[in-house]
Structure formats: C-alpha cells, structure tokens
Amino acid sequence: MKNVDILSADFPQYEPSDADRKAIEFVFQRFHSMNQSFLRPYRILNDRSITQYEDDSMKRFSGYIPPSDEMMEDWQVKIFNNFTRTVLINFLSETSLMPAKVKIRATNESGMLDKKRSFILEKLNEFSENNEQGEWKNFFHAMNIAVKGTGFRYEGYKRVKRDVRDILSFDPSSGKIRTEKKTIVDFDDCYALDVPIKEIRLGNVWDMEIQNQPDMVWYSVVEYRAAQAEFGRYANWKYVRPGQMASHLTTQPFFDVDQFVNIDPAQVHILRYYNRPLDRMVIWANGVILYDAPFPWIHKKYPFAKGIFEPLASNFAYGKSMPDKIATDQDMINILWEMMINQGLLAIYKPILTDDPDEMEDSILIPGLVKKVGNKESYRVLNELTGPDASSF
C-alpha cells in the first residue's frame with residue numbers, strides 16, 4: 001500500500017482466532033483497570049488525577065494565564081511572573097554542567113572484575129549515546145522529569161533504511177542525469193525514547209520500582225504510515241485499517257474505553273501490553289493482534305526506565321514536580337504583583353465621586369479633554385488612593 005490512498009484502500013477482513021479473542025479480552029480488561037487507576041483523583045496529589053497534576057505543572061512552567069473570570073473587572077490585570085520557569089531553567093543549567101557518567105564494571109567468566117572488558121563496554125556505550133545525541137536527549141529527559149515530576153523512557157533498538165539515488169553523470173548542456181538507486185542505513189543502533197506520562201498505564205501505582213510492576217501498558221496513537229514503518233512486517237498488519245477498529249470489537253462487553261470509540265482517519269491506536277511475571281507481551285493495533293508471545297529480550301525485564309524529581313511517598317509510583325513544589329511561592333508572587341499593579345492603576349486613574357445629575361460619560365479623563373459639567377464642586381477625586389510604596393517591593 002505504498003502508493004495508494006490508505007483511506008480508500010481495501011483491507012481484508014480480520015477474523016481473530018479463539019486465542020486472539022481471549023488475548024484481546026484479557027488485555028482490554030487489564031487496560032481498563034489500569035486506566036481507572038490512572039484517571040482517579042489521589043489525595044497525595046491534592047485530590048487531582050495524574051493527568052490533572054501533570055497539566056497543572058506544565059501550566060506553571062509555561063506561565064499560563066487563564067481567562068479572566070466574572071468576578072474581575074475589565075481594568076484589573078492578571079499576572080504570572082515566570083518565577084517557576086526561571087528557577088527550573090537555572091537548576092537544569094547547573095546540573096547539565098555536571099552530567100552523570102555511566103560506569104560499567106564487567107566481569108570475566110570467573111566472576112572477577114575485568115578492566116579491559118569494562119573499558120570496551122564503556123566506549124561502546126559512549127559511542128551509542130553519541131550516535132543518537134545522547135547528551136541532548138538526556139537534558140530534555142531531565143527537564144521532562146523536573147517539569148512533570150515523572151519521566152518514562154523506553155530503551156530499544158531500531159534500524160532505519162531509506163532508498164536514495166546516486167548521481168552517476170550529469171550533462172549541464174542537456175540537463176540529462178543518470179542515477180542509480182540504492183538503499184542506505186540512516187540508523188542502526190540502540191536508542192532511547194521519552195514516553196509521555198499519558199501513554200503509560202501501570203498495574204500498581206503504589207509501587208515505586210517499575211520492574212516490580214505486575215504488568216503495564218504503553219498506549220499510543222500514531223499516523224498509519226508511522227505505524228506501518230514499525231509494524232508492517234508482522235503477518236497480521238494487513239488487517240489493520242486506519243481510522244477503524246476491527247469489527248469484532250463492537251460487540252465486546254468490555255469495549256467502554258472512550259479513546260477507542262472515536263478514531264481519526266489515517267490513525268492507528270497501538271496498545272502494547274507487558275507482563276513480566278508471565279513473560280508475556282501483546283501488541284494490538286486497532287483491534288488486531290500483531291504479537292502475543294514471550295518478551296523478545298534476553299534480560300526478560302520491562303524495556304522501560306522511570307525517573308522522578310522528588311518522591312511524593314515511599315510507595316507511590318509518580319513523583320513530585322518542581323512547579324508543584326514551589327507552587328505556593330509562585331502563587332504568592334503572582335498575587336503580590338497583581339495587587340501592586342492594580343493599586344498603581346487606581347493611583348494613576350483615580351476614581352471620581354459626584355452627585356451631579358449631568359454626570360460625565362467619560363470614565364477616564366484624557367489629556368486635552370474639554371468637558372462641560374453642571375457643577376464642578378460636585379466632583380471629588382479620590383486622592384487618598386496612592387500607588388505601592390517602597391515596602392511593597
């Protein structure tokens with residue numbers, strides 16, 4: 001389907017086997033349970049859900065100013081002093097000057113420390129990190145953890161190829177070009193990928209260690225072409241329809257997760273289910289089982305790492321973010337700035353009291369304004385309103 005419109009292409013009908021149906025039902029039930037835990041509010045997060053906590057931290061880092069509410073007058077200002085962003089960037093700037101270095105201690109067949117092997121493995125790891133701009137990635141991973149409190153990272157391997165054309169000859173006078181097609185490898189190495197918090201579901205949110213999780217899910221929505229590049233080699237990929245769930249799902253009683261109901265055209269919902277105790281991994285795409293087999297890695301562990309900025313509790317899987325940690329300071333600074341500026345506006349544009357029946361229509365006196373009034377003695381400027389004094393600063 002490389003050169004056809006995927007939205008109008010014909011796809012064969014997917015008829016899952018009994019084993020696939022059981023796998024789909026099992027994975028959906030586990031995802032539904034994890035999703036409920038993910039979306040519920042937690043007292044430890046100040047009665048917010050994990051997504052609400054992340055959203056609030058992001059808004060504080062970005063300096064988000066919400067729309068004015070009905071209780072505010074038009075002349076009043078709303079201020080967000082970027083104190084949080086400044087503190088966080090300064091923190092990252094200092095820590096990035098001293099990045100953590102990986103120390104590898106390799107052993108020989110007898111279990112004794114082998115310095116030569118350790119040196120070689122450290123250099124291989126260094127080469128692999130440089131191959132994917134490791135320092136740059138690690139900086140943004142650290143920023144992600146500081147801003148949101150928690151960061152998930154997938155560690156994997158990929159090989160990226162593409163077709164190109166080499167120029168064999170070129171005739172400027174005629175414009176004729178002879179080319180030769182060939183395939184080059186853009187990337188062939190291990191890689192690290194930061195996974196958004198909203199895409200990860202944990203089997204037990206009350207366990208800090210990710211490798212102790214009973215099971216977990218990585219759920220993502222990607223464009224069809226991107227999904228095809230990653231999963232197109234699987235036998236059942238031909239059944240995956242962009243923008244549509246497999247028809248067999250519509251009658252399932254567990255099909256009540258909102259994000260699977262409305263699917264945008266040309267998109268594919270990918271659900272990866274991992275169960276370390278059972279050594280089982282299931283890959284599901286728009287209702288089609290692509291893979292249901294043991295972990296493909298020799299280490300037989302979850303291919304994820306998790307970092308937190310600061311613990312919220314000794315047993316809670318998610319961490320406290322820096323914006324949340326200094327939220328009280330940020331709110332106080334915002335309120336003080338708003339009070340001082342609003343007080344200054346009142347001092348500059350002082351209100352005027354009057355009982356004159358011929359009241360002025362203009363609420364603000366502009367320079368050069370000539371205005372006739374019935375009785376100027378009926379007007380009094382509130383001169384007692386002054387701006388912020390030195391103690392305010």
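Residues numbered from 1 in each chain as written. Predicted model: local features only at pLDDT ≥ 70, side-chain atom pairs only at ≥ 80, totals over all residues. Heavy atoms only, no water.

**Notes on the packing of aromatic side chains**
What counts is decided by this rule: Pairing of aromatic rings covers Phe, Tyr and Trp, the last through its six-membered ring, and needs centres within 6.5 Å; plane angles under 30 degrees mean stacked, over 60 mean edge-to-face, and all others mean tilted. Relative accessibility decides the category of a residue: with a 1.4 Å probe and only protein chains considered, values under 20% of the type maximum give buried, values over 50% give exposed, and everything between is partly exposed.
Applying the stated rule across the entire model yields 25 aromatic pairs. Between phenylalanine 139 and phenylalanine 140, the ring centres sit 5.4 Å apart and the planes meet at 80°, which makes this aromatic pair edge-to-face. On the accessibility criterion, phenylalanine 139 (26% relative accessible area) is partly exposed. By relative accessible area, which is 34% here, phenylalanine 140 ends up partly exposed.

**Points about the packing of helix H2 (residues 50–62) against helix H3 (residues 83–96)**
Here is the rule: Each axis is a line fitted through C-alpha atoms, and for a helix only the stretch in contact is used; angles between axes span 0 to 180 degrees, taken between their N-to-C directions. Secondary structure elements follow DSSP: runs of H or I no shorter than four residues count as helices, runs of E no shorter than two count as strands, and numbering proceeds from the N terminus. Here the angle decides the label: under 35 degrees means roughly parallel, over 145 means roughly antiparallel, 65 to 115 means roughly perpendicular, and every other value means oblique. Here, residues are in contact when the closest pair of their heavy atoms is within 4.5 Å. In this classification, the charged set is Asp, Glu, Lys and Arg, the nonpolar set is Ala, Val, Leu, Ile, Met, Phe, Trp, Tyr, Cys and Pro, and all remaining amino acids, among them Gly, are polar.
Contact geometry for H2 and H3: axes closest at 6 Å, N-to-C directions at 90°. On the basis of the axis angle, H2 is roughly perpendicular to H3. Between H2 and H3, the contacting residues are Arg60, Phe61 and Ser62 on the first element and Thr84, Arg85, Leu88 and Ile89 on the second. For the contact of H2 with H3, the per-class residue count stands at three nonpolar, two polar and two charged.

**Regarding the sheet that holds strand E4 (residues 216–223)**
Rules: Each pair of strands is called paired provided DSSP finds at least two bridges between the two strands.
As summarised here, the arrangement of the five strands in space is E3-E4-E5-E6-E7, forming an open sheet in which the pairing is antiparallel. Of all strands in the sheet, those with a lone pairing partner are strand E3 (200–202) and strand E7 (288–293), marking the two edges. Taking each pair of neighbouring strands and ignoring which way they run, the sheet shows an average axis angle of 15°. Bridge count between strand E5 (residues 267–275) and strand E6 (residues 280–285): six bridges; the pairing is antiparallel. Within the sheet, the bridge partner assigned to tyrosine 273 lies in E6 and is valine 282.

**What to know about the sheet that holds strand E1 (residues 150–171)**
With respect to topology, three strands assemble into an open sheet ordered E2-E1-E8, the strand pairing being antiparallel. Of all the strands in the sheet, the pair left with one neighbour each is strand E2 (176–195) and strand E8 (304–308). Direction aside, the axes of adjacent strands within the sheet are offset by 35° on average. Along the sheet face, helix H5 (residues 134–148) touches E1, E2 and E8 and points at about 145° away from the line of E1.

**Here's the deal with the packing of H2 against H5**
One can describe the packing of H2 onto H5 by two numbers: an axis separation of 8 Å at closest approach and a directional angle of 110°. Here H5 runs roughly perpendicular to H2, going by the angle between their axes. Taken together, the residues of H5 that come into contact with H2 (itself represented by Tyr53, Glu54, Ser57, Met58 and Phe61) are Met143, Val147 and Lys148. For the contact of H2 with H5, the residue count by class is five nonpolar, one polar and two charged.

**Focus: the pairing of E7**
Strand direction decides the pairing type here: E6 and E7, joined by five bridges, are antiparallel. From the neighbouring strand, valine 282 faces E7, where its bridge partner is aspartate 292.

**Focus: the pairing of E2**
When E1 meets E2, the two strands line up antiparallel, connected through 19 bridges. The residue of E2 that forms the bridge with lysine 161 is valine 185. Taken together, E1 and the strand that follows it, E2, pair antiparallel across an intervening segment of four residues, in which glycine 175 is found at a positive phi of about 80°.

**Focus on the side chain of serine 57**
The condition that has to hold: Pairs of N or O atoms within 3.5 Å make up the polar contacts considered here, provided that, within protein, one atom can donate a hydrogen while the other can accept it, and that residues adjacent in sequence are counted only when both atoms are side-chain atoms.
Its location among the elements puts serine 57 in helix H2. A relative accessible area of 1% means that serine 57 is categorised as buried. Reaching out from serine 57, the side chain makes a polar contact with the side chain of serine 321 at a distance of 2.8 Å. In this structure, serine 57 is in contact with Val147, Ser321, Pro323 and Asp324, ignoring residues within four places of it in sequence.

**A look at the side chain of lysine 148**
Secondary-structure assignment places lysine 148 in helix H5. Looking at lysine 148, its side chain comes within polar contact range of the side chain of glutamate 54, at 3.3 Å. For lysine 148, the contacting residues outside a window of four places in its chain are Tyr53, Glu54, Met58, Ile197, Gly319 and Ser321.

**A few points about the pattern of salt bridges**
Between side chains of opposite charge, pairing is possible as soon as their charged atoms come close. Applicable threshold: In the sections that follow, a salt bridge refers to a side-chain nitrogen of Lys or Arg positioned within 4 Å of a carboxyl oxygen of Asp or Glu.
Under the defined criterion, the tally for this structure stands at 22 salt bridges. The shortest N-O distance in the salt bridge between arginine 60 and aspartate 56 comes to 3.2 Å. Of the two residues, arginine 60 and aspartate 56 are both situated in helix H2; the distance of four residues between them amounts to about one turn of the helix. Arginine 60 sits in the buried class, given a relative accessible area of 12%. The exposure class assigned to aspartate 56 is partly exposed, which follows from its relative accessible area of 22%. Here aspartate 186 makes a salt bridge to arginine 162, at a shortest N to O gap of 2.4 Å. Separated by 24 residues along the polypeptide, aspartate 186 in strand E2 and arginine 162 in strand E1 bring together distant segments of the chain. Overall, aspartate 186 belongs to the partly exposed group, its relative accessible area being 41%. One salt-bridge network, in which partners are shared between bridges, spans Arg48, Asp56, Arg60, Lys320, Asp324 and Asp331.

Any link to function would need more than the numbers given here.
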